[in-house]
Amino acid sequence: MSYDPYQAPPPRRDASPPYASYPWQPPAPPEPPRRTVPHARLGHHSDLRILRSAYRWQRRVATLTALGYFTLFLILSAYAPSFMTGTVTDGLPTGLLLALFQVPVTWLAIALYEGTARRRVDPLAALIRKQAELDAKREAAR
């Protein structure tokens, strides 16, 4: 059975009886009337889930880009010292060249982070912000 936010929930089975169990008990306060929601509220949207997953993907890509390259550099330094001390051109060792490439790789990670933020995360956040403003205006109008 799927969840329908527009349908009233079924009656509770654990509700207290309509009469007082003990004579000295005050009567139970009446339950507030339940309203059916004419529109889906912000918490029922899947947009928040989509925003979280887009932001998670954004962080993973940027982090794995920078840390992955740095980890590769460390592994090569530890387990392939002959490769790292080999020369690319006269007097320029491979290890130094790979270390210098760390700066552009970090810039690439920053560019990926900014690009995915503009393309995926920021439009979703703006949409959710706009829906939250509309929900607040609807609640204020009631």
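First things first, this report covers the structure right here in the doc.

This part is about the overall build of the protein chain. The helix and strand tally for the protein chain stands at four helices and two strands. Ordering the α and β elements of the protein chain from the N terminus gives α-α-β-β-α-α. Looking at the 142 residues of the protein chain, the share that counts as buried comes to 17%. Of the roughly 11,500 Å² that the protein chain leaves accessible, carbon and sulfur atoms contribute 64%.

Judged by side-chain charge, Arg49, Arg52, Arg56, Arg59 and Arg60 come together as a positively charged surface patch. As for its placement among the helices and strands, arginine 60 is situated in helix α1 (residues 47-79). Owing to a relative accessible area of 52%, arginine 60 belongs among the exposed residues under this scheme.

This part covers helix α4 (residues 102-141). With 40 residues, α4 should reach 58 Å at 1.5 Å per residue; the first-to-last C-alpha distance of 55 Å fits that figure. Residue alanine 117 marks the point of greatest curvature in α4, where the axis turns by about 45°. Among all positions of α4, only Gln102, Val105, Ala109, Thr116, Ala117, Val121, Leu124, Ile128, Gln131 and Asp135 are buried. Buried residues in α4 make contact with α1 and α3 (94-100).

Now for the side chain of threonine 116. Along the chain, the position of threonine 116 falls in helix α4. Using a relative accessible area of 2% as the deciding quantity, one classes threonine 116 as buried. Within the structure, the side chain of threonine 116 is placed 2.9 Å from the backbone oxygen of leucine 112, a separation counted as a polar contact. In terms of polar contacts, threonine 116 uses its side chain to reach the backbone carbonyl oxygen of tyrosine 113, at 3.1 Å. Once you skip the residues sitting within four places of it in the chain, threonine 116 turns out to touch Trp57, Gln58 and Val121.

Residues Val103, Trp107 and Ile110 make up a contiguous nonpolar surface patch of roughly 340 Å² in combined accessible area. Inspection of the secondary structure puts tryptophan 107 in helix α4. By relative accessible area, which is 60% here, tryptophan 107 ends up exposed.

What follows deals with the packing of aromatic side chains. All chains considered together, the criterion is met by zero aromatic pairs. The lysine or arginine in question, arginine 120, covers the ring of tryptophan 57, its NZ or CZ lying 4.4 Å from the ring centre.

Position of glycine 86 among the secondary structure elements: in the loop between α2 (81-85) and β1 (87-89). By relative accessible area, which is 24% here, glycine 86 ends up partly exposed. Those residues within four positions of glycine 86 in sequence are excluded, and the remaining contacts are Leu92, Pro93 and Thr94.

Here we come to the pattern of salt bridges. Under the counting rule described, the total for this entry stands at two salt bridges. Where glutamate 114 meets arginine 118, a salt bridge forms, and the shortest distance between an N and an O atom there is 3.7 Å. With glutamate 114 and arginine 118 both in helix α4, this residue pair falls four residues apart, about one helical turn. Residue classification places glutamate 114 among the partly exposed residues on the basis of a relative accessible area of 37%. On the basis of relative accessibility, which here comes to 59%, the residue arginine 118 falls in the exposed class. Salt-bridge contacts for aspartate 135 lead to arginine 138; the nearest nitrogen and oxygen are separated by 3.3 Å. Taken as a pair, aspartate 135 and arginine 138 lie in helix α4 at a separation of three residues, close to a single helical turn. For aspartate 135, a relative accessible area of 13% puts it in the buried group.

What counts and what doesn't
- Along each chain, residues carry numbers from 1 onward, in the same order as the chain's sequence is written.
- In keeping with the predicted nature of the model, local features appear solely for residues at pLDDT of at least 70, side-chain atom pairs appear and are counted solely at 80 or more, and the whole-chain, interface and lining totals rest on all residues.
- Only hydrogens and water are set aside when side-chain values are computed; all heavy atoms of the structure are taken into account.
- Working definition: helices are DSSP H or I runs of at least four residues, strands are E runs of at least two. Numbering for both runs from the N terminus.
- For the exposure calls, accessible area comes from a 1.4 Å probe over protein chains only, and a residue counts as buried if that area is under 20% of its type's maximum, exposed if over 50%, partly exposed in between.
- With residues, only the protein chains shown are counted as cover, and all accessible areas are computed by Shrake-Rupley using a 1.4 Å probe.
- Patch membership requires more than 30% relative accessible area and the absence of a salt bridge. Residues of like charge join within 9 Å; the nonpolar side chains Val, Leu, Ile, Met, Phe, Trp and Tyr join within 5 Å.
- By definition, a salt bridge exists where a carboxyl oxygen of Asp or Glu is found within 4 Å of a side-chain nitrogen of Lys or Arg.
- Just so you know, the count uses Lys and Arg for positive and Asp and Glu for negative, and it drops His and the chain ends.
- For this purpose, a charge sits on NZ of Lys, CZ of Arg, CG of Asp or CD of Glu.
- One less than the residue count of a helix, multiplied by 1.5 Å, gives the span that helix is expected to have.
- Bend angle per residue: angle between axes fitted to the 7 residues ending at that residue and the 7 residues starting there.
- Two residues qualify as a contact provided that any one of their heavy atoms is within 4.5 Å of a heavy atom in the partner residue.
- The definition of a polar contact used here is a pair of N or O atoms within 3.5 Å, where within protein one atom must be able to donate a hydrogen and the other to accept one, and adjacent residues in sequence count solely through side-chain atom pairs.
- Only Phe, Tyr and Trp rings are paired, with Trp represented by its six-membered ring, and only when their centres lie within 6.5 Å; those with planes under 30 degrees apart are stacked, over 60 edge-to-face, the remainder tilted.
- Any Lys NZ or Arg CZ found within 6 Å of a ring centre and within 35 degrees of that ring's normal is scored as a charge over the ring.

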